[in-house]
Amino acid sequence: ESNGELVALAEYAADEILASKAWRGTRVDPVEEEVSSDLLRDGTALATPTKALATTTTNEAAPELCRALAACTGLAAARGGPEALAALLRRALYPLLEQLASTNPDARQAALAALVECAACTDTDDAKEALPALLAANLDYVVDAACRKLRRAATPEQAAKSAS
């Protein structure tokens with residue numbers, strides 16, 4: 001296959017990873033809760049357990065998804081060069097940085113490894129300087145992504161939560 005097709009495939013895979021519910025770490029599970037209480041004829045309250053939907057947030061799949069995202073960026077850089085890497089990083093850098101703040105240590109480690117792998121794909125000669133140089137070169141995209149996320153928050157409380 002041509003390099004362009006491989007780069008397009010890597011970009012598509014990265015976009016699918018970033019759009020997945022597994023990446024966001026949300027799922028909806030039925031949870032039994034005591035929601036209502038009924039009164040008996042003698043005035044005694046009878047708690048009625050009901051099934052309610054609760055959204056839980058987990059990052060169980062984040063380590064594997066970070067590794068897959070790193071593989072996508074590596075493929076894009078190897079086949080498409082710096083331009084393809086830059087295009088993919090504009091979409092993937094902020095989500096990877098978000099995973100660095102995860103409560104899941106495996107997700108944090110995988111995100112850092114993915115960032116290091118992305119940095120290794122750049123043309124920076126010094127390996128120690130590759131990640132700081134990558135972040136400095138793409139900081140405007142990171143700030144733009146953070147601002148976009150804050151603007152999309154429905155309430156000030158959600159904006160504060162997404163900023164922390």
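These numbers come from a predicted model, not from an experiment.

Quick notes on the overall build of the chain
In terms of regular secondary structure, the chain is built from 7 helices and 2 strands. For the chain, the α and β elements follow one another from N to C terminus as α-α-β-β-α-α-α-α-α. The burial tally for the chain puts 29% of its 164 residues in the buried class. The contacts in the chain between residues at least 6 apart in sequence include a share of 57% that link residues at least 24 apart. Carbon and sulfur atoms provide 56% of the accessible area of the chain, an area that totals close to 10,300 Å².

Considerations on a nonpolar patch on the surface
Among the surface-exposed residues, Leu100, Leu112 and Val116 lie close enough to one another that they form a single nonpolar patch of about 220 Å² accessible area. Its location among the elements puts Leu112 in helix H4 (residues 105-120).

Re the nonpolar core
Counting 32 residues, the largest nonpolar core has Trp23, Cys66, Leu69, Cys72, Leu96 and Leu134 as the members making the most contacts within it. Looking at this core, the elements that each hand over two or more residues are helix H1 (3-19), helix H3 (62-100), H4, helix H5 (127-137) and helix H6 (139-152). Tallying contributions element by element places H3 first for this core, with 15 residues. Discounting residues that sit within four places of it in the chain, Cys72 has contacts with Ala10, Ala13, Ala14, Ile17 and Leu88.

A few points about a negative patch on the surface
A cluster of acidic residues, Asp123, Asp125, Asp126 and Glu129, forms a negative patch on the protein surface. A residue is classified by how much of its surface remains accessible, and Asp123, at 69% relative accessible area, is exposed.

Re the packing of H3 against H6
Viewed as axis vectors pointing N to C, H3 and H6 meet at an angle of 70°, and their least axial separation amounts to 9 Å. Looking at the two axes, H3 sits roughly perpendicular to H6. When H3 is examined against H6, the residues Arg90, Leu93, Tyr94, Leu97 and Glu98 are found in contact with a partner set consisting of Tyr141, Val142, Ala145, Ala146 and Lys149. In terms of residue class, the contact of H3 with H6 is made up of 7 nonpolar, no polar and 3 charged.

A closer look at the pattern of salt bridges
A full pass over the atoms with the stated rule returns 3 salt bridges. A salt bridge links Asp15 to Arg91, with the nearest nitrogen and oxygen atoms 2.7 Å apart. Remark: Arg91 occurs in helix H3 and Asp15 occurs in helix H1; sequence separation between them is 76 residues. Between Lys149 and Glu98 there is a salt bridge; the shortest N-O distance is 2.3 Å. Taken together, the residues span a long stretch of sequence, with Lys149 in helix H6 and Glu98 in helix H3 at a distance of 51 residues. On the basis of relative accessible area, Lys149 is assigned to the partly exposed category, the value being 33%. What makes Glu98 partly exposed here is its relative accessible area of 29%.

Looking at the confidence of the model for the chain
Confidence in the prediction for the chain averages 78 pLDDT; 77% of positions are at 70 or higher. Of all the helices and strands in the chain, strand S2 (residues 45-57) carries the lowest mean pLDDT, 49, while H5 carries the highest, 89. Across residues 52-57 the pLDDT falls below 50, and counting only partners more than four positions away or on other chains, this stretch makes 21 contacts in the model.

Here we look at H1
Over its 17 residues, H1 extends 24 Å from the first C-alpha to the last, a length consistent with the 24 Å expected when each residue adds 1.5 Å. The set of residues buried in H1 consists of Leu6, Val7, Ala10, Ala14, Ile17 and Leu18. For H1, the arc enclosing every buried residue in end-on projection is 105°, short of the 170-degree limit, so these residues lie on one face. As for H1, its buried residues are in contact with helix H2 (21-24) and H3.

About the cut-offs
Residues numbered from 1 in each chain as written. Predicted model: local features only at pLDDT ≥ 70, side-chain atom pairs only at ≥ 80, totals over all residues. Heavy atoms only, no water. Helix = DSSP H or I, 4+ residues; strand = E, 2+ residues; numbered from the N terminus. Buried < 20%, exposed > 50% of the residue type's maximum accessible area, 1.4 Å probe, protein only. Contact = heavy atoms within 4.5 Å. Areas by Shrake-Rupley, 256 points an atom, 1.4 Å probe, with all protein chains shown as cover. Patch = residues over 30% accessible without salt bridge, like charges linked within 9 Å, V, L, I, M, F, W, Y side chains within 5 Å. Salt bridge = Lys/Arg side-chain N within 4 Å of Asp/Glu carboxyl O. Core = buried A, V, L, I, M, F, W, Y, C linked by side-chain atoms within 4.5 Å. Lys, Arg positive; Asp, Glu negative; His and termini not counted. Charge placed at Lys NZ, Arg CZ, Asp CG, Glu CD. Axes fitted to C-alpha atoms, helices over the stretch in contact; angles between N-to-C directions. Parallel < 35°, antiparallel > 145°, perpendicular 65-115°, else oblique. Nonpolar A, V, L, I, M, F, W, Y, C, P; charged D, E, K, R; others polar. pLDDT = per-residue confidence, 0-100. Expected span 1.5 Å × (residues − 1). Arc of directions from axis to C-beta.

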